[in-house]
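Secondary and tertiary structure notes
Residues per chain are reported as follows:
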Amino acid sequence: MEKECTVDTFSEEETKALARTIARHLTPGDIIALEGDLGAGKTTFAQGIAKALGIPGPVDSPTFTIIKEYEGTLPLYHMDVYRIDSPEEELGLEEYFYGDGVCLVEWASRVEPLLPDSTLWMFLTVKPDRRRIRICSKDPRWNSLMKELAAR
Ligand code: ADP
Ligand code: MG
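In this text the structure is predicted, and so the values were computed from the model without any measurement.

**As for the pattern of salt bridges**
Counted under the stated rule, the structure contains 9 salt bridges. With its nearest N and O atoms 2.9 Å apart, the salt bridge here joins Arg130 to Asp8. Of this pair, Arg130 sits in strand β7 (residues 130-136) while Asp8 sits in strand β1 (residues 4-9), and the two are 122 residues apart along the sequence. Note that Arg141 and Asp30 form a salt bridge whose closest N and O atoms lie 2.8 Å from each other. Here the residue Arg141 occupies a position in the loop between β7 and α4 (143-150), and Asp30 occupies one in the loop between α1 (12-23) and β2 (31-35), the gap between them amounting to 111 residues. If you follow the salt bridges from partner to partner, you end up with Asp8, Asp129, Arg130 and Arg132 in one network.

What follows is the structure in structure tokens.
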């Protein structure tokens, strides 16, 4: 079974469509870690997830607030931990990571020691004509998603 896969998206809409596909696999307590430079599409992806969870929006970057909460078919916790210098600084985050909502974490590598192995990691890179998105997890919990993405 594939433990990782790579998806290329050629527009904002395609990244949101990918989010829609992934959203169908989400259950309470899931964490999606988003890594990628400024403008790579992390917030765009989060907007796609929010829409798929029935959240009317707007969903914008939580850079200054660190966490924004939304009530959808599942609770959504959208975080941007760019401003966190050390994981220990923000102990409150673990309550969200081990809670009953879905966590989307922009700049997740900054709090990597706090994230469980079940985290779905997404690495977004900017190419001249596309975003290349590598998706992986240590946990077989995501195997059915990987299989679906590989078949796209
Ligand atoms: P980040 O949160 O990673 O800083 P944003 O999602 O805020 O990035 O911004 C991504 C920008 O790139 C948006 O302006 C979006 O329209 C543009 N864009 C162009 N192509 C894509 C793509 N394939 N996927 C996502 N965003 C894209
Ligand atoms: Mg962002």
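**Here we look at the packing of aromatic side chains**
The geometry of an aromatic ring pair comes down to the distance between the two centres and the angle between the two planes. Under the definition given, this model contains 3 aromatic pairs. Here Arg110 stacks its cationic end above the ring of Tyr82, 4.4 Å away from the centre of that ring. A cation over an aromatic ring shows up here: Arg141 above the ring of Trp142, its NZ or CZ 3.8 Å from the ring centre.

**Some points on the site of ligand 1**
Neighbouring residues of ligand 1: 15 residues in total, closest Glu12, Thr15, Gly39, Lys42 and Thr44. At 2.6 Å from a nitrogen atom of ligand 1 is found a side-chain nitrogen or oxygen belonging to Thr15. Between Arg131 and ligand 1, the recorded distance is 3.0 Å, taken from a side-chain N or O atom to an oxygen atom. Residue assignment for the shell around ligand 1 shows that the elements contributing at least two residues are α1 and α2 (42-52). For the shell around ligand 1, the element with the most residues is α2, which contributes 3 residues. For the shell around ligand 1, the per-class residue count stands at 3 nonpolar, 7 polar and 5 charged.

**What about α2?**
Within α2, 8 of the 11 residues are buried, leaving the element largely enclosed by the surrounding structure. All of the buried residues along α2 are Lys42, Thr43, Thr44, Phe45, Ala46, Gly48, Ile49 and Ala50. For α2, the secondary structure elements touched by its buried residues are α1, β2, β4 (75-80), β5 (102-106) and β6 (120-127). Two residues or fewer after α2 comes Gly54, characterised by a positive phi angle close to 80 degrees.

**Details of the state of the cysteines**
Within the structure shown, the criterion is met by 0 disulfides. Of all cysteine sulfurs, the one in Cys136 lies closest to Cys5, which takes part in no disulfide; the gap is 9.1 Å. Look at Cys5 and you get buried, because its relative accessible area is 9%.

**A look at the coordination of the magnesium ion (ligand 2)**
Protein coordination at the magnesium ion (ligand 2) comes from Thr43 (OG1) and Glu106 (OE), with a distance range of 2.2 to 2.3 Å. With Thr43 in helix α2 and Glu106 in strand β5, this pair connects stretches of sequence that are 63 residues apart. You can call Glu106 buried: its relative accessible area is 2%.

**Quick look at the side chain of Ser137**
Relative to the helices and strands, Ser137 is located in the loop between β7 and α4. Of the residues examined, Ser137 reaches a relative accessible area of 9% and is grouped as buried. Within the structure, Ser137 has its side chain in polar contact with the backbone oxygen of Thr119 (distance 2.9 Å). From its side chain, Ser137 meets the backbone nitrogen of Asp139 in a polar contact 3.1 Å long. Ser137 has contacts with Lys3, Asp117, Ser118, Thr119, Leu120, Trp142 and Met146, leaving out every residue within four places of it along the chain.

Definitions and limits used
- Residues numbered from 1 in each chain as written.
- Chains lettered and ligands numbered in written order.
- Predicted model: local features only at pLDDT ≥ 70, side-chain atom pairs only at ≥ 80, totals over all residues.
- Heavy atoms only, no water.
- Salt bridge = Lys/Arg side-chain N within 4 Å of Asp/Glu carboxyl O.
- Helix = DSSP H or I, 4+ residues; strand = E, 2+ residues; numbered from the N terminus.
- Phe/Tyr/Trp six-rings, centres within 6.5 Å; stacked < 30°, edge-to-face > 60°.
- Lys NZ or Arg CZ within 6 Å of the ring centre and 35° of its normal.
- Near = heavy atom within 4 Å.
- Polar contact = N/O pair within 3.5 Å; in protein donor to acceptor, adjacent residues only side chain to side chain.
- Nonpolar A, V, L, I, M, F, W, Y, C, P; charged D, E, K, R; others polar.
- Buried < 20%, exposed > 50% of the residue type's maximum accessible area, 1.4 Å probe, protein only.
- Contact = heavy atoms within 4.5 Å.
- Disulfide = S-S within 2.5 Å.
- Donors = N, O, S within 2.8 Å, 3.2 Å for Na, K, Ca; no water.

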